[in-house]
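Chain by chain, the residues run as shown.
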Amino acid sequence: MKKTGRTVSLLASQDLRQNETSGYLNSVNEFFGQDENQESVQNIDQLKLNDSKNSSFRTNLTYTEPLSTVLSLVVNYGLNLRSSAADRRSYNMSADGQYNLLDTLFSNNFEVDETNHQGGAVLNYKKNKATFNFGSKVSTVDFRQKDLYDGITYSRNFINWNPQATYQYRFSQQRSLRINYTGNTSQPSINQIQPIRVNDDPLNVVVGNPDLKPSYRNRFEVYFNSYKIMSEQYIFLYSSYNFTSNQIVQNTLTDSSGRNVYQAVNLTGKQPSNLDLSAYYSQKLIGNVNVGFELGLNGNTYYNYVNTALNKTKSYNYTAGLRISQYKQKKYEFSLSFRPGYSTNESSLQPDVDNNGFVFNSYADFAVYLPGKFQISSNSRYEFREKTQSFNEDFERMIIDARIEKKFFKSEAFRLAFRGNDLLNQNKGISRSANNNMVIENRFNTIRRNFMVSAIWDFNKMGGGIKK
């Protein structure tokens, strides 16, 4: 464009999606009093039909103008249009056994239109080993949702502000320091303002809050990395800290029957925060053995309301790690790692509950290349979590997989493999969480010990060559 560094770019994209589902909801909830006598029973037997359509059109125009040999300006404008429709119908069973009685309380038909204008400007400075840029993006959003059953239209207009700044200094091609700052406004979602009424889980009900205000998050990050090619020495340091003003948090109201009613509310006078620190060092030793060490800390402070009482939760995860690996081309390769850690969790509304505990993870992998284009490999994962006051049993499992493979032809494009997964049959389907006023343990089915025979053809390895 007659000037070095001056550019114009245009992006345009279109997306169309449609999804239709049908299924039956059949649930029985029994309620008991303190004397363990049954007080009531709630039965739900419905046919659910869902039809959703989504379309979006996105454009972005970016212009770059070099102001000098070290300074340039980037400006952009974007227009995003989004339309969606969601028709959710619930039918009860009539006397003749057909699901043809529309339940209007749990049926919804919404149309949503959203128009988003976004503009921004970023100033870039680059001289010698230093790079610095700062700027901001601002977007205006016009949101409209129409309830076709009730004939009610919900509208919302808001502005998002997203400043940014980055400084980077390159000491050399393999060593650099970078500092980032980003700020962003987060608007409440339509489900938090006006959720769609569903009865999939009648013991956990979500209600809307039309008075929600946006939250604002500040995030700071620092990176440092250094790599020495000859010794394969690698150093990586990372830290981040973020805090949120006017955060949207959850208020949980629990009635005498055990039903939870959830509502999103704005947090005033407190700022949830997150701290993340990590360090990694690796070095090649004698015999091409690579040894790496890592340290990590992740801390969170967040808030929620339980029956209108403010609850402050603080959790910290401390980790350390050791990794040893070695590789010899076409001969063997292996890696072994150990990652002990300790987790703490405390809640202001339950100060006497001790959910602190030791955790340990380890991984081991190896592969051996044998004559005749055979290869034997295995990988294993061990996990241990110490019991806590909320969970009175230790959790541990050892997953070992093994594989033998034979390659064919000069290009090795065809392979036959036999694999055994979870040889010790310990792949337990279980997850645990304890926070706020909830202690949850989920158990689910998993594919445990199994064996598989595979025939693989790699089409990227065609073999042969072109003669000149």
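Right above here is the structure, for reference.
Given the structure is predicted, the values throughout are model-derived calculations rather than measurements.

Definitions and cut-offs
- Residues numbered from 1 in each chain as written.
- Predicted model: local features only at pLDDT ≥ 70, side-chain atom pairs only at ≥ 80, totals over all residues.
- Heavy atoms only, no water.
- Helix = DSSP H or I, 4+ residues; strand = E, 2+ residues; numbered from the N terminus.
- Rg over C-alpha atoms; globule rule 2.2 N^0.38 Å.
- Buried < 20%, exposed > 50% of the residue type's maximum accessible area, 1.4 Å probe, protein only.
- Contact = heavy atoms within 4.5 Å.
- Areas by Shrake-Rupley, 256 points an atom, 1.4 Å probe, with all protein chains shown as cover.
- Lys, Arg positive; Asp, Glu negative; His and termini not counted.
- Charge placed at Lys NZ, Arg CZ, Asp CG, Glu CD.
- Salt bridge = Lys/Arg side-chain N within 4 Å of Asp/Glu carboxyl O.
- Pairing = 2+ DSSP bridges.
- Phe/Tyr/Trp six-rings, centres within 6.5 Å; stacked < 30°, edge-to-face > 60°.
- Lys NZ or Arg CZ within 6 Å of the ring centre and 35° of its normal.

**Student:** How do you make sense of the overall build of the protein when you look at a structure like this?
**Tutor:** The secondary structure content of the protein amounts to one helix and 24 strands. For 468 residues, the compact-globule estimate of 2.2 N^0.38 gives 23 Å, and the protein exceeds it by more than 25% at 29 Å. Counting every position in the protein, which comprises 468 residues, the buried fraction comes to 31%. Relative to all contacts within the protein whose residues are 6 or more apart in sequence, the contacts with residues 24 or more apart total 58%. Summed over all atoms, the accessible surface of the protein reaches about 29,200 Å², with 54% contributed by carbon and sulfur. Computing the positive centroid from 54 side-chain charges and the negative centroid from 42, the protein places the two 17 Å apart.

**Student:** So what exactly am I meant to see when it comes to the pattern of salt bridges here?
**Tutor:** If charged atoms from side chains of opposite charge come close, those side chains can pair. Applying the stated criterion to the full structure yields 16 salt bridges. Note that R397 and E383 form a salt bridge whose closest N and O atoms lie 3.2 Å from each other. Of the two residues, R397 sits in strand β20 (residues 395-408) while E383 sits in strand β19 (residues 374-385), which places them 14 residues apart along the sequence. Residue E383 is classed as buried on the basis of its relative accessible area of 16%. Close ionic contact of R419 with D401 constitutes a salt bridge, the shortest N to O distance being 3.5 Å. On the criterion of sequence distance, the pair formed by R419 in strand β21 (residues 414-421) and D401 in strand β20 is long-range, its members being 18 residues apart. What makes R419 partly exposed here is its relative accessible area of 24%. Beyond isolated ion pairs, a larger network of salt bridges with shared partners links K3, R6 and E65.

**Student:** Whenever I open this one, the pairing of β21 confuses me. Can you help?
**Tutor:** Looking down a regular strand, the side chains alternate between one sheet face and the other. Pairing geometry for β20 and β21, over seven bridges, is antiparallel. Bridge pairing links A402 to G420 in β21. Linking β20 to β21, which pair antiparallel, is a turn of five residues; within it F409 sits at a positive phi near 70°. Here β21 pairs with strand β24 (residues 450-457) via eight bridges, running antiparallel. Looking at β24, one finds that A417 is bridged to S454.

**Student:** Please explain the packing of aromatic side chains as it appears in this structure.
**Tutor:** Note on aromatic pairs: each is described by the distance of the centres and the angle between the planes. Here the structure, examined in full by the defined rule, presents 19 aromatic pairs. Considering the side-chain rings of Y181 and F220, the 5.0 Å spacing of their centres and the 40° angle between planes classify their relative orientation as tilted. With Y181 in strand β8 (residues 175-186) and F220 in strand β10 (residues 215-228), this pair connects stretches of sequence that are 39 residues apart. Geometrically, the ring pair formed by F360 and Y382 is tilted, given 6.2 Å between the ring centres and 55° between the ring planes. With F360 in strand β18 (residues 357-370) and Y382 in strand β19, the pair connects residues that are 22 residues apart, well separated along the chain. Three or more aromatic residues joined by ring pairs make a cluster, and in this case those are F408, F409, F414, W457 and F459. Here the guanidinium or amino end of R178 rests over the ring plane of Y223, the centre of that ring lying 4.5 Å away. The ring of F408 is capped by K406, whose NZ or CZ atom sits 5.4 Å from the centre of that ring.

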